[in-house]
Amino acid sequence: MNSTRYSHKIYFALRIILVGFLFVLVIRKNQSDQQKIVIIILSLLAVFLFRLPNTVLPEQNLDESFMIAGAGVMVNDPFVFKSFDGTTIGPIQYYVLATAYWLLGSINYTSIRIIGLLLSIIPGIFFTYKAIRFLYNYETAKLVLFGYTLCMAGITFFEFVGYSSEVLPHLVISIEMLCLSAIMSGRQFVYAGILCFMAGLMPYAKLQGVPIAGVIVIFLGIELYRQLTFRRFFVLVSLGLLPTILAGIYLYLADLFPDFYASYLLFNLSYSNSSGGLRWSLPWQMLFGNADMPNVASDLIPFFLFTFFSISFLGARLLLSKIAFVSKRRVIYVFILLGIAWFSVIKSGQGFQHYLFFFFAPLFWGLGIILGENRQIVSSNLYKYGFYIPFLLFFLLQLLNKNKGIEYAYRPLERPDPIALLIRKLAQPSDQISIWGHGNLAHIYCHTGLLPGTRDVFASRQINPSTLQPYFIRRYMDDIRRNRPRFILEDTHYKDYQTKFNSIDSSFISAYRVHSILDGVKVYVRE
C-alpha cells in the first residue's frame, strides 16, 4: 500500500510541476526560438508521460484484443485477407501495430497503446500545431497546442486509454489538415500531393473516416482550382489512387479480390446500415451516457463542450461580420468539417464512444482557424486568458483522481482466466485457437500467446444470420481444414436466431473432443 501511495504522490507532483511550468512558459511574452522549442517538447512529453501509467491496464475494449491477434498474425504471415481478416478495421492498421514487435519487443496491450501514442496521438498534436502556425501567428498556434495537449494528456476514460481503430485515422486526418493549411498559406505544391496520398490511404485505415478525408480533398480543390494545370491534376489524382493501385496489385497477385470485396467492402456497407436511420444526437449520448452507454466521458466533456461552443459562437460571429470572403471561407471549412465528422461518428449507428476520436483533430484545428480569424482575441490578454485558464482548470479538475494504471500495477494477484489457464497447460507455442463465439473471448489470444487458426478472430459473422453468412461459414470451415487449430472454443450462450457450431459441418468436428466446459464455453482439443 505504501508503494501505491508514494507512486500516486510522485505522479501527482509530476503533473503539477510539468503543467505548471508549461503554463508559465506559454503565457510569457516575447519568447525566444529556444523557448518555443522547449514549449513544444514539454507539451508532447507531458502527453506521453501522463498517459504512460495507464498503458499497463488490461483490455479496455474488445478491439484491442482483436487487433493484437491480427498484428501477431502479420508478424508471422503478413498477407491480410488470406491469413487474417480485420472485419471493419482497415488492413494497414495491423501492419502498423506489428511494428510493436520490432520496436518494443512484443505485441500486447501496453505496446500497442505506446505505438498509438508515439505514432499517432503525439504527432497528431504536433501536426495540428504546425497547421495553425502555417496560417496564423505563434500566439494562436501556441494556444491550440496548450489546449490540445491538456485534453489528450488528461484523458483517463477507458475508451481512449485503450487503443482503438480510430487512432491511425486521427494521424491521417492530422496530416491532411497540415497539408491543407500549408496550401492555404501559399506553400509548395508538394503538400497537395501528400494530402491526396494520405486521403487515398484512409479507406485502408478505416472506411468510416473516408468522408472526413474526402471533404478535406474538396477543400484542397477549392484552394487550388485556379492553379491546377492538367499535369498537376493528373499528379494529384495519381497520388490519391496510388494506395488503391498498390492494394489492387496485391489482391490480384494473391487472388484475394473476392475476399476483399465480400469481407471488407460489402460487410462494412451492411454494418454501417444495420441500425436504420441516422441518430443525430448520438455524440451527445456518447459524451454524457445513456441506458446503452452508462459510462460518462467526464474528462472529455469540458474540453469538448468548451471547444465546440467556442467555435460555434465565434465562428457565427465571423460569418455575420464584414470580414473578407477568404476568411469566411476558412470558417465555412471548419463548420463543414465538423459536420462531416459528426456524420462519420453516427453513420454506423453504433454507440462506441471511441468513435469520438474523429472529432479531436478537426475540433482543435477548427479552434485555431476561428481564433486566427478573430485576431483581436489572441492579441488581448482578457480573451487570451479566457482560453488558457479554462483549459488549465479542466485539466486540474482531474488531479485528485487516482491513476488507474498505478492502482492496477500494485493490485493483489488476480485469479487467472480459467480458459486461458487450461489452454496454457495443454498448448505448444505453435498451436492455434479458433473461436466459435464473439469478441468477449478475443482476450484468450492475448492471455495464451497463441494465434488464431482462422482468418476471423471470432465468429460473430458466422453465427449471426445475414446475406453474407454462407460466405463467412464456408471460409471458416476452409480455414479449419487447412490450419487444423489445436483448440476450438465454442461459446454456448446462443440466442434463438444464431447458428450453432455443430450445425455447420460435422465432418471436421470428429477430429476434436470436448475437453472441458468452462463458464459456458466448450473447449475442443484436436486429438
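Because the structure is predicted, anything quoted here is derived from the model rather than measured.

The secondary structure content of the chain amounts to 23 helices and five strands. For 527 residues, the compact-globule formula gives about 24 Å, and the C-alpha radius of gyration of the chain, at 25 Å, lands near that figure. Taking the principal axes of its C-alpha atoms as reference, the chain extends roughly 75 × 65 × 40 Å. Here the chain holds 527 residues, and 56% of them are scored as buried. Excluding contacts between residues fewer than 6 apart, the proportion of contacts in the chain whose partners are at least 24 apart in sequence is 75%.

Let us look at the side chain of S164. Considering the arrangement of structural elements, one finds S164 in the loop between α7 (158–161) and α8 (167–184). Non-local contacts of S164, meaning those with residues more than four positions away in its chain, are made with N61, M67, H354 and F357.

Attention now moves to the pairing of strand β3 (residues 487–491). For β3, the buried fraction is high: five of the five residues fall into the buried class. Residues of β3 alternate between two faces, with F487, L489 and D491 on one and I488 and E490 on the opposite face, all of them buried. In this structure, strand β1 (residues 432–436) lies alongside β3, joined through four bridges in parallel fashion. Counted as the bridge partner of W436 is E490 from β3. Where β3 and strand β5 (residues 521–526) come together, five bridges link them in antiparallel fashion. Counted as the bridge partner of L489 is V523 from β5.

Here α8 is 18 residues long and its end C-alpha atoms lie 26 Å apart, about the 26 Å a rise of 1.5 Å per residue gives. For α8, the buried fraction is high: 18 of the 18 residues fall into the buried class. Looking one or two residues past α8, G186 carries a phi angle of roughly 85°, positive in sign.

The rules behind these values
- Residue positions are given per chain, counting from 1 as you read along its sequence in written order.
- In keeping with the predicted nature of the model, local features appear solely for residues at pLDDT of at least 70, side-chain atom pairs appear and are counted solely at 80 or more, and the whole-chain, interface and lining totals rest on all residues.
- As a rule here, side-chain values come from all non-hydrogen atoms in the structure, and water together with hydrogens is ignored.
- Segments assigned H or I by DSSP are reported as helices when at least four residues long, segments assigned E as strands when at least two residues long, and all are numbered from the N terminus.
- Every radius of gyration here is taken over C-alpha atoms, with the globule rule written as 2.2 Å times N^0.38, N being the number of residues.
- Type-normalised accessible area, obtained with a 1.4 Å probe on protein chains alone, sets the label of each residue: buried when under 20%, exposed when over 50%, and partly exposed for intermediate values.
- We call two residues contacting when some pair of their heavy atoms lies within 4.5 Å.
- One requirement defines pairing of two strands: DSSP has to find at least two bridges between them.
- Expected helix span is taken as 1.5 Å per residue step, with the number of steps being one fewer than the number of residues.

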